[in-house]
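# Descriptive structure summary
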Amino acid sequence: MAVSKTSLHAGDLIREILLDSTDVSARCNKIFPVAVDNAVLPYILYRRVSLEQNANKAGQPGADSVSIEVICFTADYDDGVELAEAVRDALDNKRDIQDDDETLVMRSCTLVDSEEAWQDDAYVQQLVFNVKI
């Protein structure tokens, strides 16, 4: 018996959207969930960093709010900013997107935070999106 999909699967939608973006695909080699041991720059990691279940007025489960962190790793700073811009263009203000089997719907996706850094010999652009499921 299959388990129904909930907002815990929000990362699947984010990955699908990023893989479908020609701008993102043109600027990175791979897109990984959570972590990776060996990867060739440039690449993207994504992960769920928080989840808040919102009840409706009747006390029933409503839209969940999920924070998804998308982290771009590149060898060159300018390439990292361009990749981050492509990610933002693919995800920011998108709504009503369903997964392949139409069991999960992303009601909205909004960029809420951004940070940059240097880590493990790579430039890092971190974007945080608030996703409503």
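Reference entry: report on the structure contained in this document. Keep in mind that this is a model prediction, so the values were computed, not measured.

## A look at the pattern of salt bridges
- This structure, assessed with the given rule, holds three salt bridges.
- Glu 69 is paired through a salt bridge with Arg 47; the nearest N and O atoms lie 2.6 Å apart. One end of the pair, Glu 69, is in strand S3 (residues 61-74); the other, Arg 47, is in strand S2 (residues 43-55), and 22 residues separate them in sequence.
- Residue Glu 69 is classed as buried on the basis of its relative accessible area of 8%.
- Relative accessible area serves as the criterion here: at 37%, Arg 47 is assigned to the partly exposed category.
- Between Arg 88 and Asp 92 there is a salt bridge; the shortest N-O distance is 3.4 Å.
- The class for Arg 88 is partly exposed, based on a relative accessible area of 39%.

## Quick look at unusual backbone geometry
- Residue Pro 42 is reached from Leu 41 by a cis peptide bond, and omega for that bond is -5 degrees.
- Inspection of the secondary structure assignment puts Pro 42 in the loop between strand S1 (30-33) and S2.
- You will see that Asn 93, though not glycine, has its phi angle at about 65 degrees, which is positive.
- You can call Asn 93 exposed: its relative accessible area is 51%.
- Of note in this structure, Asp 121 is not a glycine but carries a positive phi near 60 degrees.
- The exposure class assigned to Asp 121 is exposed, which follows from its relative accessible area of 61%.

## Examining helix H1 (residues 10-20)
- Taken together, the buried positions of H1 are Ala 10, Gly 11, Leu 13, Ile 14, Ile 17 and Leu 18. Down the axis of H1, the buried set is contained in an arc of 160 degrees. They therefore lie on one face.

## Focus on the packing of aromatic side chains
- Following the criterion strictly, the structure yields four aromatic pairs and no others.
- Centre to centre, the rings of Tyr 77 and Tyr 123 are 5.8 Å apart; their planes meet at 75 degrees, and the pair counts as edge-to-face. Separated by 46 residues along the polypeptide, Tyr 77 in helix H3 (residues 77-91) and Tyr 123 in strand S7 (residues 122-132) bring together distant segments of the chain.
- Classification of Tyr 123 by relative accessible area gives partly exposed; the value is 30%.
- Summarising the aromatic geometry, the rings of Trp 118 and Tyr 123 are spaced 4.7 Å apart at their centres and angled 70 degrees between planes, so their arrangement reads as edge-to-face.
- Members of the aromatic cluster, each reached through a chain of ring pairs, are Phe 32, Tyr 43 and Phe 73.

## Examining a nonpolar patch on the surface
- A surface patch of nonpolar side chains, about 320 Å² in accessible area, is lined by Tyr 77, Trp 118 and Tyr 123.
- Relative to the assigned elements, Trp 118 resides in strand S6 (residues 108-119).

## A closer look at the side chain of Ser 65
- For Ser 65, the location among the structural elements is in strand S3.
- The contacts of Ser 65, once residues within four sequence positions are left out, are Ser 50, Leu 51, Glu 52, Asn 54, Asn 130, Val 131 and Lys 132.

## Notes on H3
- With 15 residues, H3 extends 21 Å between its outermost C-alpha atoms, agreeing within 8% with the 21 Å of an ideal straight helix rising 1.5 Å per residue.
- Looking at H3, one finds that the buried residues are Gly 80, Leu 83, Ala 84, Ala 86, Val 87, Ala 90 and Leu 91. Along H3, the residues classed as buried sweep out an arc of 160 degrees about the axis, all on the same side.
- With a side-chain oxygen lying 3.1 Å from the backbone nitrogen of Asp 78, the N-terminal cap of H3 falls on Asp 76.
- Positive phi shows up at Asn 93, right after H3, with a value of about 65 degrees.

Thresholds, definitions, all that
- Residues numbered from 1 in each chain as written.
- Predicted model: local features only at pLDDT ≥ 70, side-chain atom pairs only at ≥ 80, totals over all residues.
- Heavy atoms only, no water.
- Salt bridge = Lys/Arg side-chain N within 4 Å of Asp/Glu carboxyl O.
- Helix = DSSP H or I, 4+ residues; strand = E, 2+ residues; numbered from the N terminus.
- Buried < 20%, exposed > 50% of the residue type's maximum accessible area, 1.4 Å probe, protein only.
- Arc of directions from axis to C-beta.
- Phe/Tyr/Trp six-rings, centres within 6.5 Å; stacked < 30°, edge-to-face > 60°.
- Patch = residues over 30% accessible without salt bridge, like charges linked within 9 Å, V, L, I, M, F, W, Y side chains within 5 Å.
- Areas by Shrake-Rupley, 256 points an atom, 1.4 Å probe, with all protein chains shown as cover.
- Contact = heavy atoms within 4.5 Å.
- Expected span 1.5 Å × (residues − 1).
- Polar contact = N/O pair within 3.5 Å; in protein donor to acceptor, adjacent residues only side chain to side chain.

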